[in-house]
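Fold and geometry: a report
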Amino acid sequence: MSTPTPEELDLERIRRKRIETLIGVWDILLQNKKFDSSRLRLSPPLVNEVIEQYLADYSVLKVRYKIQGTKIQLHKIAGLLTASILRFRPVIPLVNEYESDYEMCANEILAVIQGVAICGEYTAKDGHLALTQEAWFNEWFKDFIFLLHRRNYTAESVIFVYQTLCCLRFPENLTKGAD
């Protein structure tokens, strides 16, 4: 068995961090009773697919934008993960019929809330999710969910949505790299 390279170790660190974030956001949604675990669940094999696609897109993005080193900006991470979640749709129903549009859009909801959490990653613990309680958020959230569920988009267009959110709510995070 060979010793992992520094690049392999870094990718493993990123993989673990993003899995923890995704599962953590899912757990918050369950704790806040946004979803019922008897009706919807997060599929571990699909979560793995989401993260592996993210890592592939992450590598491509670094080449495309000539990003040096291992770090990319938080809004780019959020956009790539949102696109990956919506490609593999890791929230799966345990029922034959949805009770609401909210359940039907569970993957979109998970993707957006995770994106918000990532954009505010360097903000005080859970403070970044406080903006979900602000007056403007519900309308923005519904429009974003509509875009992701009903319209056409690319990972890069979603990155720009998160970049705008960062400009307005987390400007100090625009220059901070993460993964």
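Scroll up for the structure.
These lines cover the structure that appears in this document, whether it is placed above or below. Residue positions are counted from 1 within each chain, in the order its sequence is given. The predicted origin of the model limits local features to residues at a pLDDT of at least 70 and limits the giving and counting of side-chain atom pairs to 80 or more, whereas totals for whole chains, interfaces and linings rest on all residues. The side-chain figures draw on all heavy atoms in the structure; neither hydrogens nor water molecules are used.

So, about the pattern of salt bridges. One side-chain nitrogen of Lys or Arg within 4 Å of one carboxyl oxygen of Asp or Glu is enough to make a salt bridge. Following the criterion strictly, the structure yields 11 salt bridges and no others. Residues Glu12 and Arg15 are paired through a salt bridge, measuring 2.7 Å at the closest nitrogen-oxygen approach. Of this pair, Glu12 and Arg15 are both found in helix α1 (residues 6-31), 3 residues apart, which corresponds to roughly one turn of the helix. Here Arg39 makes a salt bridge to Glu103, at a shortest N to O gap of 2.5 Å. Note that Arg39 is positioned in the loop between α1 and β1 (40-42) and Glu103 in helix α4 (residues 101-104), a separation of 64 residues in sequence. In this pair, the class of Arg39 matches that of Glu103, namely buried. Where salt bridges share partners, they join Glu12, Arg15, Arg16 and Glu52 into one cluster. Under the DSSP-based scheme used, a helix requires at least four consecutive residues in state H or I and a strand at least two consecutive residues in state E, with every element numbered from the N terminus. Per-residue accessibility, obtained with a 1.4 Å probe over protein chains only, is compared with the maximum for each type, and a residue is labelled buried under 20%, exposed over 50%, and partly exposed between these values.

Approximately 580 Å³ is the volume attributed to the largest pocket. The distinction between a cavity and a pocket rests on a 1 Å grid over the protein atoms alone: a 1.4 Å probe fits inside a cavity but cannot get out, while a pocket stays open yet meets protein on both sides within 12 Å along at least five of seven lines, and a residue with an atom within 4 Å of a point counts as lining. Lining the largest pocket we find 22 residues, and of these Tyr102, Ile109, Ile113, Asn138 and Phe141 sit closest to its centre. At the level of elements, α1, α4, α5 (106-119) and α6 (137-150) are the ones that each hand at least two residues to the lining of the largest pocket. Broken down by element, the residue count for the lining of the largest pocket peaks at 8 residues, all from α6. Looking at the lining of the largest pocket, its residues break down into 12 nonpolar, 5 polar and 5 charged. Grid points are joined across faces, edges and corners, and a volume is the space filled by probe spheres set on the points. The classification used treats Ala, Val, Leu, Ile, Met, Phe, Trp, Tyr, Cys and Pro as nonpolar, Asp, Glu, Lys and Arg as charged, and all other residues, Gly among them, as polar.

Attention shifts here to helix α2 (residues 44-64). With 21 residues, α2 should cover 30 Å at 1.5 Å per step; its first-to-last C-alpha distance of 30 Å lies within 8% of that length. Residues Val47, Val50, Ile51, Gln53, Tyr54, Leu55, Tyr58, Leu61 and Lys62 constitute the buried set of α2. Where the residues of α2 are buried, they touch α1, β1, α3 (74-88) and α7 (155-169). By definition here, a helix of n residues has an expected span of 1.5 Å times n minus one. Whether two residues touch is decided by their heavy atoms; if any such pair falls within 4.5 Å, the residues are in contact.

Function-wise, these values are silent; they only describe arrangement.
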